[in-house]
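One letter stands for each residue in the lines below.
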Amino acid sequence: QVQLVESGGGSVQAGDSLRLTCTGSGFDFSLYNMGWFRQAPGKEREMVAVIGWTTDYANSGKDRFTISRDNAKKMVYLQMNNLTPEDTAVYYCALDVTRRLPPYTEPGLYDYWGQGTQVTVSS
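Residues numbered from 1 in each chain as written. Predicted model: local features only at pLDDT ≥ 70, side-chain atom pairs only at ≥ 80, totals over all residues. Heavy atoms only, no water.

1. Observations concerning the pattern of salt bridges
Turning to step 1, where the next piece is worked out: Under the defined criterion, the tally for this structure stands at four salt bridges.
Turning to step 2, where the next piece is worked out: Between Arg-38 and Glu-46 there is a salt bridge, and its shortest N-O distance comes to 2.8 Å.
Turning to step 3, where the next piece is worked out: When its relative accessible area of 7% is taken as the criterion, Arg-38 is described as buried.
Turning to step 4, where the next piece is worked out: Close ionic contact of Lys-62 with Asp-63 constitutes a salt bridge, the shortest N to O distance being 3.4 Å.
Turning to step 5, where the next piece is worked out: Taking the relative accessible area as the measure of exposure, Lys-62 reaches 45% and is therefore partly exposed.
Turning to step 6, where the next piece is worked out: One network of salt bridges, in which partners are shared, links Arg-38, Glu-46, Arg-64 and Asp-87. (Salt bridge = Lys/Arg side-chain N within 4 Å of Asp/Glu carboxyl O. Buried < 20%, exposed > 50% of the residue type's maximum accessible area, 1.4 Å probe, protein only.)

Structure below.
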């Protein structure tokens, strides 16, 4: 019954910004840690940002990206500023049912995933 749907991806130029949105349904949204992960062709899936009562960021985005959530709307956002070609990937929203604090950062420890949204950044 858990469903996660990502939106907001697209093709942009280096230096541009995007805001990704993850919309959840089928669960008590406020209880769980959520995360944004990304995977580029030929590479491992990696953490971008996670959020529970606290947040954590990968070094690649810690000065450019901001994760936030609106529990009433059951949405998680990823604001991405000053994008570079290295940010090109499919971005996934994920749910961890364990409610561990601080949130897990490893993709393999998240239980439910959306279908992803493509972000393409050209120079």
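2. Comments concerning the sheet that holds strand S1 (residues 3-7)
Paired through their backbone hydrogen bonds, the strands of a sheet run either parallel or antiparallel.
Turning to step 1, where the next piece is worked out: The four strands are arranged S1-S3-S8-S7 in an open sheet whose pairing can be described as antiparallel. The sheet is open, and its two edges are formed by S1 and strand S7 (65-70), each paired on a single side. Between one strand and the next, the sheet's axes are offset by a mean angle of 15 degrees, whatever the strand orientation.
Turning to step 2, where the next piece is worked out: Of the pairings in the sheet, the one linking S1 to strand S3 (residues 18-25) comprises five bridges and is antiparallel in character. Bridge pairing in S3 links Gln-3 to Ser-25. (Pairing = 2+ DSSP bridges. Helix = DSSP H or I, 4+ residues; strand = E, 2+ residues; numbered from the N terminus. Axes fitted to C-alpha atoms, helices over the stretch in contact; angles between N-to-C directions.)

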